[in-house]
Every structure is written in structure tokens, then in C-alpha cells.
Amino acid sequence: MNNKVVVFESDKESAELIKTYIAEFNELELDNIYEDYKEGLFYTLKSHPHIVVISANDGIQAVQKTINILADNKINVIVLSQTYTTNLVIQALRAGAKDFISKPIIKKDFIASLNKCCKDIVRAVNKSNIISIFSNKGGIGKTAIATNLAVEFARQTREKVVLVDLNLPLGDVTTFINIKPSISIASAVETAAHKGAEAVVNACKQYKDTSLYVLAEPIYMEESQIMTPTHIFKLFEYLRESFSYILVDVGTSIDKMNMKILELSDLILLVSIVNLPLIRNCQRCLDLFSNLGFDENKTKIVINRYLENDEIKIEDVEKVLNQKIYWKIPNNYFTIMSSINKAMPVSEINENSNVTLSFSGLATKLTEDIIAKDFIEV
Ligand SMILES: Nc1ncnc2c1ncn2[C@@H]1O[C@H](COP(=O)(O)OP(=O)(O)OP(=O)(O)O)[C@@H](O)[C@H]1O
Ligand SMILES: [Mg+2]
């Protein structure tokens, strides 16, 4: 890691303050301060510093493109802004910024932000989010949702995302997106017992040249028998060190393993289809989660294979479940089957299909809600 910081700041007083704070930070060195952002960008793309601190004095939109270019060049961007709203934070992070600080700059916040960039990994180590995709009935689209959502998370956030197949004993993530990992999840947790986090992270296989990684299902059914709830705890702990978003394709049984996975998750996407027996099942799951003491905001209901003109209306489902439906994914058998048969995400089959747009919308809504929650909790 090079230790240079370039600052884009048109306000002289603020520039002086930033200069003093950086000087107090041993690991980093101020390279240059630019009042003219265009000039700054030109220099930065040649010098390639570790961090750019950019002050959005004329609003986020005025610097969005610059943040975009810097992030594409793998430069950590810290945005400073006079105004602080959840929407602005979302815009800045979506453009590729690593952090967002409001002005007047508080030294502690600024140093924490520099530290975050030096960790060189994720948005905030403790802010890594585990999202489990669950249903207590099989065959209703968990894997289709988990895989397509994971691809979208990586594309939209550019952060490190891992898709973990914990649909034990026999998951099927690797058949949905063509990937051939050499080590399965079961072997990885076994090796991790001696070698620690590295064994787990090494077992995550990169999907094409994206920021998505996959931790694959056990190759043989009997392999999954070695896995215990304690393994799951350790596994998540290790993954949280390296990934911003951990998406888990969970099995259907209500057993100790799956309950541990759900307990440790930050969010549960409870998948259902609009038909009476499945809605009843969904209600049972919600009751169970409530009895287990899960926060009621933790579970989001996702309706799959949604049809506009269904006999049962969404409002009726919401009444029965006493909860709003978080997202609806349209029924599109042709595109989904074509994607499964070709082992490709739906976005590679047809980028404009209704299911592709729906997965993309779901990823956007989730990341925005997560970012909003994280920043409120800070
Ligand atoms: N949005 C959709 N529109 C149409 N068909 C869909 C949709 N989502 C899933 N399917 C169909 O449902 C089938 C099951 O999907 P998937 O394998 O993702 O379910 P699952 O819940 O992971 O199943 P399992 O419990 O076996 O792991 C797919 O083969 C596909 O035919
Ligand atoms: Mg599945």
C-alpha cells in the first residue's frame, strides 16, 4: 500500500485543518492539496495515491463523476460535506466513496475514516452484513434469488461480496453460476480449525473478474456432517473480516444449524410464493422467529414468482402476515430456466428482462436500507 493522500478542497481553512490531521497520522503522508478539482484528478490518476479526500462544497452531484473515476481506479475516497443526510451518504457511497464525513470536520471522525481506508478491505469491518435467503419449503427460488442478488450486490457496490452455500447437505449454487471451486465449505471449515481465517478466505472462489466470491457446497453429502453450529459461528467471523456482504443460501429444515445461521444473520429474506399453504408456512416462520427473539425488522418477506393478476392479492397476504411485503420478483419461467440451463445469472441472459430489473432493484433497496441503518447506528 502506498501511503500518499491527495486532498481536493477549495476552502483554505478546511484544507489547513486536514493537513494538520494527516500530519498526525503516522502511516500516511500528505502528497498534495488541490483547489482545482480537475487539476487534482489529472495529477491523482498519474500519482495513484492511497486516499483522496474530496470536499463536496458544491454538492455531491458536482463531484459524483470524480468519485466514480477515483473508485474505478481503486483509490479510496473520503467525502466531506457541509450537509449530512442519509440520501447524500447513499449517493456518495453508491458513487464509490469509502466514507462520508460531515463538516465541520471532527478530528476523531476524520482519523477513524483514514483508519478505515488503511484497513484496505471493506467499508467498515464491523459493518459487514450477513443476509440469509430462507424458506422452510424447497423449490421456491432461494438459490435463484441468492445467486442473482449476489451478482447484483457485487456489480452495484463494487465491494467484496461472498455467496455462501449452506443449503446442506447438497447445495446447488455452483450449478446456477458456472464456477468450479477446488475446496468446498466443509473442507474449508476443517482446515480453518488449524489455519484460521486464511483457509476460509482462500476457499472462496472469485466469480469471473467481479468482486463476487463463492464458498461452494460440500462435494459429497457426508462431508456436511462435520459441520456444527460452532463451525458456522467461526465461519461467519472469518468471512466478516474480508467481505462487506455475506449472502447465504440456507437449507429448508428448522434445525440447529439453520437456526444458528439465521440467528447470526443481520437480515433474513424469507421467500414465499402467493399460495395459501406457503403463506401459512411463512406465518409459522415469522412466529418462530418472534419466539426466538429475533428483531422484527430483521426479517423481510420476498414474494417470488409474483403474478399481477393473481387471485390472492398482495394486500391480503400482508394482512395475514401482519407485515408489509418487502419485494416482489415477477414470474418469468423462461428467463429463469434459460439462466439455470446456461449456468449464468439472469443479467447475462437478458439485461432488460423483468426478473433482471427486479433483482437489481432488490439489491439497490437492500444496500440503501443497510447503509441508512449503519449510519444511523454509528
Ligand atoms: N421468478 C421466477 N419465475 C419463474 N420460475 C422461477 C422463478 N424463481 C424460481 N423459479 C423456478 O423455481 C425452480 C426452483 O428454484 P430454486 O432452485 O432457486 O429454488 P430453491 O428454493 O433454491 O430450491 P431447493 O429447496 O431445491 O434448493 C427453478 O428451477 C425455476 O424453475
Ligand atoms: Mg436451492
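Conventions and cut-offs
- Residues numbered from 1 in each chain as written.
- Chains lettered and ligands numbered in written order.
- Predicted model: local features only at pLDDT ≥ 70, side-chain atom pairs only at ≥ 80, totals over all residues.
- Heavy atoms only, no water.
- Domains from an automatic or database assignment.
- Contact = heavy atoms within 4.5 Å.
- Buried area = accessible area lost by both parts, 1.4 Å probe.
- Salt bridge = Lys/Arg side-chain N within 4 Å of Asp/Glu carboxyl O.
- Polar contact = N/O pair within 3.5 Å; in protein donor to acceptor, adjacent residues only side chain to side chain.
- Helix = DSSP H or I, 4+ residues; strand = E, 2+ residues; numbered from the N terminus.
- Buried < 20%, exposed > 50% of the residue type's maximum accessible area, 1.4 Å probe, protein only.
- Pairing = 2+ DSSP bridges.
- Right-handed = clockwise from strand over helix to strand, strands pointing away.
- Near = heavy atom within 4 Å.
- Areas by Shrake-Rupley, 256 points an atom, 1.4 Å probe, with all protein chains shown as cover.
- Nonpolar A, V, L, I, M, F, W, Y, C, P; charged D, E, K, R; others polar.
- Arc of directions from axis to C-beta.
- Axes fitted to C-alpha atoms, helices over the stretch in contact; angles between N-to-C directions.
- Disulfide = S-S within 2.5 Å.

## Let's talk about the domain arrangement of the protein chain
Alright, step 1. When cut into domains, the protein chain gives domain 1 (4-119) and domain 2 (125-377).
Alright, step 2. Placing the centre of domain 1 and that of domain 2 at their C-alpha centroids yields a distance of 34 Å.
Alright, step 3. On the domain 2 side, the residues contacting the 12 residues of domain 1 number nine residues.
Alright, step 4. Summed over both sides, the interface between domain 1 and domain 2 buries roughly 890 Å², with carbon and sulfur atoms accounting for 56% of that surface.
Alright, step 5. If you look at where domain 1 meets domain 2, you find one salt bridge.
Alright, step 6. Note that Arg94 is salt-bridged to Glu368, the shortest N-O span being 3.8 Å.
Alright, step 7. Joining domain 1 to domain 2, the criterion identifies one residue pair in polar contact (both at pLDDT 80 or more).
Alright, step 8. Looking at the side of domain 1 that touches domain 2, the element that brings in the most residues is helix α4 (residues 86-95), giving six residues.

## Description of the pairing of strand β3 (residues 51-55)
Alright, step 1. Among the five residues that make up β3, five are buried, leaving the element largely enclosed by the rest of the structure.
Alright, step 2. When strand β1 (residues 4-8) meets β3, the two strands line up parallel, connected through four bridges. Each bridged residue has a counterpart across the sheet, and for Val5 the counterpart in β3 is Ile51.
Alright, step 3. Here five bridges tie β3 to strand β4 (residues 76-81), and the two strands are oriented parallel to one another. When the sheet's bridge partners are listed, Ser55 is paired in β4 with Leu80.
Alright, step 4. Handedness of the crossover joining β3 and β4 through helix α3 (residues 60-72): right-handed.

## Some remarks on the site of ligand 1
Alright, step 1. If you check the shell around ligand 1, you find 21 residues, and the closest are Gly141, Lys142, Thr143, Ala144 and Asn332.
Alright, step 2. Gly141 has a polar backbone atom sitting 2.9 Å from an oxygen atom of ligand 1.
Alright, step 3. Residue Asn332 places a main-chain N or O atom 2.9 Å away from a nitrogen atom belonging to ligand 1.
Alright, step 4. Protein contact buries 84% of the 630 Å² of open area that ligand 1 shows by itself.
Alright, step 5. Elements supplying a minimum of two residues to the shell around ligand 1: α6 (142-157), β12 (299-306), β13 (325-330) and α14 (333-342).
Alright, step 6. The dominant element in the shell around ligand 1, judged by the number of residues it contributes, is α14, at four residues.
Alright, step 7. Residues of the shell around ligand 1, tallied by class, amount to 10 nonpolar, eight polar and three charged.

## Considering helix α13 (residues 314-321)
Alright, step 1. Within the sequence span of α13, burial applies to Ile314, Val317, Glu318 and Leu321. Buried residues of α13, seen end-on, are gathered within an arc of 100 degrees and therefore sit on one face of the element.
Alright, step 2. Here the buried face of α13 lies against α12 (276-291), β12 and β13.
Alright, step 3. Two residues or fewer after α13 comes Asn322, characterised by a positive phi angle close to 55 degrees.

## Thoughts on the sheet that holds β12
Alright, step 1. Across the sheet, eight strands lie side by side as β8-β9-β7-β10-β6-β11-β12-β13; this open sheet has mixed pairing. Two strands lie at the open edges of the sheet, namely β8 (205-206) and β13, each paired on one side alone.
Alright, step 2. Bridge count for strand β6 (residues 129-134) against strand β11 (residues 267-273) is four bridges, and the pairing is parallel. Bridging across to β11, Ile133 finds its partner in Leu269.
Alright, step 3. Against the sheet, α12 makes contact with β6, β11 and β12, and its axis sits at roughly 160 degrees relative to β11, the strand it touches most.

## As for the state of the cysteines
Note on terminology: a disulfide is the covalent bond linking the sulfur atoms of two cysteines.
Alright, step 1. Taken as a whole and judged by the stated rule, the model has zero disulfides.
Alright, step 2. Its sulfur unpaired, Cys117 is 6.8 Å from the next cysteine sulfur, which belongs to Cys118.
Alright, step 3. A residue is classified by how much of its surface remains accessible, and Cys117, at 0% relative accessible area, is buried.
Alright, step 4. Cys282 takes part in no disulfide bond, and the closest cysteine sulfur to it belongs to Cys285, at a distance of 6.4 Å.

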